[in-house]
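Below, each chain spelled out in residue letters.
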Amino acid sequence: MFSAQTRTRRLSDTIDRVERAELLSDHERPRIEGRLNFDFHTGMFVATVVFLVMTIVGVFIKGGPAREIVHYIVQAITILAVAVPEGLPLAVTLSLAFSSSKMSLDNNLVKTLKACETMGSATTICSDKTGTLTANRMTVRGAVVCGVVKPALDPRIDTAESRKSVGQRLRADKNIPNEALEELGRLISVDTMDESAVVFENGDNAPPAFKGNPTECALLELCRTLSIDWRGIRDSAIGRSDATRSQGHPFMFSSARKLMSWAVPRERGYRVYVKGAAEIVLSRCAWEVSSTNRVQKLKDERRESFYVNDVVKSFAASAMRTIALAYKDFDRLPQDWSQTTDEVKNADGTDAFVAETELVLMGIVGIEDPLRDEVPPAINRCYGAGIDVRMCTGDNLATAVAIASRCGILRKEHYKHGRMSPHVSDLLKDRAMTGKEFRKRVHNSEGVFVQAAFDEIWPRLRVMARCDPDDKHTLAHGLNKSLLFQDTETCAALKEEGITIFPDRQVVAMTGDGTNDAPALKRADVGFAMGISGTQIAKDAADIILLDDNFASIVTAAKWGRNVYDSVCKFLQFQLTVNIAAISVAVVGAFRYQESPIAAVQMLWINLIMDSLASLALATEPPDDALLDRPPVNRSDSIISEQMWYNMVGHAAYQVVVMMLLYYDLGASLLDTEPNGTPHHGKCGGVTVYSKHHSALFNCFVMMTLFNEINCRKLRGEWNVFAGLFKNPYFGSIWVLTMVIQIIGVQFGGAAIAVHKDGITSRQWLVCVCFGAGELVWQQVINVVHMLTKGGDEQVGEKGYRDAGILKIGSGRVALPETVRSASSRSNESSQRDLSLRRRASSKKGLSAREPSTTPRMVASEKV
């Protein structure tokens, strides 16, 4: 057993790697938090110009009193307050908080708020197999014991034999000695962890519950069906029971060895029971137990032809995990159980324990973990959403490929001649490989990670078998650092193979459940830990915890993440429309009458509608399945698409035209009131200061803003702006509440909000509501104009990804610092910096002959 000092050292190493991974990845993670510098600078400029114009015209030209300058300052500050979208951080936070709370109901426990939005940008999901893609309900479906094969039977064919368990079939076979089966049961009972158990929580007639390691539970269930009391053996075996544990010696499972052993004393000497990956254990077996319960020499020819080809590969092709069971006898207590030999190597290349060599093979079992029913549709949704799915598993290559083809990770286009096949050899190049091959190809002789070599593999890689946690960390690191999208020549060559490279850095989601998975979870942009089977360290390192360990919940997280981005876009579209319209109206009024048609207190009320209430309404929009029908958004894409620009400018123009129409004499007659250009400020209250004309103007502007809020629920030129309206009770409630407050304010607010003390008439209300409802019709006009001029909303290029909008976030006009969408300047600088590092490194290491000289993919000398 590993000493406490060794375990502490390994745990310390894991924590150190987690911290390094966090430092490497934190600055690169997509996030949408930020501010709008564009509106502040523009608002400051407009406010300054308005103040100067009002002062020059009002005081110096018209000879007004100097005290008017104070009023002009108030007007300018009000314009600045309206121009700055201080509600954006609130909208982002509300959307993230709302999404995280709703995601918890969909089995996603969000630990880091920003992970919600980041997941919406994911381009790659690297998923475990056991428990995530599969049901984590392992069952022994086939076995070979003493050379007698019991193949897996199709459960869909109802026969007396198929209704029996493998244990019952083995016990019924007269060719297998009972002594061998008893020893097999003893092997399993001793060589399993204390945490693993099969219990009947709901009575003997109910299906048993598995506690602990699912693979070991499947073996213990085999013991039960063999009528072997595994718990009694555990509690009584010398060297295994709690009372006599010190007389035995366990070699606990490790991913480096791919097996587990337990030495216990016998009448003469010791017996070491071994279980592990079939190909690993088989390679160490020198003898086998025959059908007469005798130990005989295991010839290499029989090992290869029967056990490897006929048993292991056959089971693996049926998507079963193969576990070999063996033992080794010692005549006396070895001097040192930790003694190793350099003649036999572990899976990671280290020397093997002598106690785990020269084994006697007892049997091989095939364990099936059925796919979750919801996984194949979920993976299909991922591919439709532009998200690649890669499987990382500890199973052998054949089993991994069989599972990947069943769940849809491997598709027809990944096979030669476009035909699905259970054979690994029928796959195209690099679609599946083992962790050993992966490590060999992406590291040089000094163990240094080579990004250029990794870039030759990852676009094609879909399955990695026999991988360890270090391989997952390397995969996450390499994907995140890859600049392959800048190599146009290679991207074009991959395009001919049917592989499309996302036009920016990869955003990686990684799943893990073990302690050693923590560095990979931290290194990924979004780390998913398993809530049921995951260790506490894995949960601490993750951003999101899957409460049901289900891959389909990851897809749900992606949908909610994209919804966060859309919610912010909706709010931004609404707010900038009001900004443009309000500032335009204020400027015209200031130039004409040295007074905005909308009073300062009314501007602040409109600002309240924009920031707080609109944030609540638009940030609570539920996700739609259509969110997964388009690819992820590029890091350098504008947060404002062309359709949004059409919507904002179009509606702002509508509102300005209506306000100008009502502001002058024609509007006064339409509102059935006297034209009034008198400034709002002056005496407190009274008809002469707060006219019905200006009160109706203010109300009309709010009505147009409220009805446009309904339009802003749609971002892509949808014709039916009411679609899904009743699915969001928050939006409807807030909209109605805002309308009620506006009615009360206009009719009874009086001087408090600078309106007429008697409110406005029913005719004026009718005019205001009609112009407000006109926003809904005007949206259809905007859609038609955009369709005729641009042929649709977001243009999709030949790569299948959306082209950026006409405004580049980060261009100096709009900047959302540290975001995927908005920090294109930072992203480009980072990309260029990484590319420079690779070039400098390549000058030392040298380039491979096949690398193009124009956009080289160099060696990045970083130890992972």
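Just above sits the structure.
Since the structure is predicted, the reported quantities are computational estimates derived from the model, not experimental observations.

About the thresholds
- Residues numbered from 1 in each chain as written.
- Predicted model: local features only at pLDDT ≥ 70, side-chain atom pairs only at ≥ 80, totals over all residues.
- Heavy atoms only, no water.
- Helix = DSSP H or I, 4+ residues; strand = E, 2+ residues; numbered from the N terminus.
- Buried < 20%, exposed > 50% of the residue type's maximum accessible area, 1.4 Å probe, protein only.
- Contact = heavy atoms within 4.5 Å.
- Axes fitted to C-alpha atoms, helices over the stretch in contact; angles between N-to-C directions.
- Parallel < 35°, antiparallel > 145°, perpendicular 65-115°, else oblique.
- Left-handed = near helix turned anticlockwise from the far one by under 90°.
- Nonpolar A, V, L, I, M, F, W, Y, C, P; charged D, E, K, R; others polar.
- Pairing = 2+ DSSP bridges.

1. With respect to the overall build of the protein chain
Next up, step 1: The number of helices and strands found in the protein chain is 27 helices and 21 strands.
Next up, step 2: Counting all 864 residues of the protein chain, 58% fall into the buried class.
Next up, step 3: At a minimum sequence separation of 6, the contacts of the protein chain that also span at least 24 residues come to 73%.

2. Examining the packing of helix H22 (residues 642-663) against helix H26 (residues 762-790)
Next up, step 1: The geometry of H22 relative to H26 is characterised by a closest axis approach of 9 Å and an angle of 135 degrees between their N-to-C directions. Between H22 and H26, the interaxial angle falls into the category oblique. Judged by the twist between their axes, the crossing of H22 over H26 is right-handed. Across the interface between the two elements, Glu642, Gln643, Tyr646, Asn647, Gly650, His651, Tyr654, Gln655, Val658, Leu661 and Leu662 from H22 touch Phe771, Gly774, Glu775, Trp778, Gln779, Ile782, Asn783, Val785, His786, Thr789 and Lys790 from H26.
Next up, step 2: Here the contact of H22 with H26 is composed, by residue class, of 9 nonpolar, 10 polar and 3 charged.

3. A word on unusual backbone geometry
Next up, step 1: Although it is not a glycine, Glu358 sits at a positive phi angle of roughly 55 degrees.
Next up, step 2: Mapping Glu358 onto the fold places it in the loop between strand S14 (351-353) and strand S15 (359-368).
Next up, step 3: Here Ala754, not a glycine, exhibits a phi torsion of approximately 60 degrees, which is positive.
Next up, step 4: Tracing the sequence through the fold places Ala754 in the loop between helix H25 (729-748) and H26.
Next up, step 5: Here Ala754 falls in the buried class, since its relative accessible area comes to 5%.

4. Looking at the pairing of strand S10 (residues 285-289)
Next up, step 1: Buried residues dominate S10, accounting for 4 of its 5 residues.
Next up, step 2: The pairing of S10 with S15 spans 3 bridges and is parallel. Along S15, the bridge assignment pairs Glu288 with Leu361.
Next up, step 3: Judged from the 3 bridges that link them, S10 and strand S11 (residues 295-297) form a sheet pairing that is antiparallel. Looking at S11, one finds that Glu288 is bridged to Gln296.
Next up, step 4: Adjacent in sequence and paired antiparallel, S10 and S11 are bridged by 5 residues, among which Asn293 carries a positive phi angle near 65 degrees.

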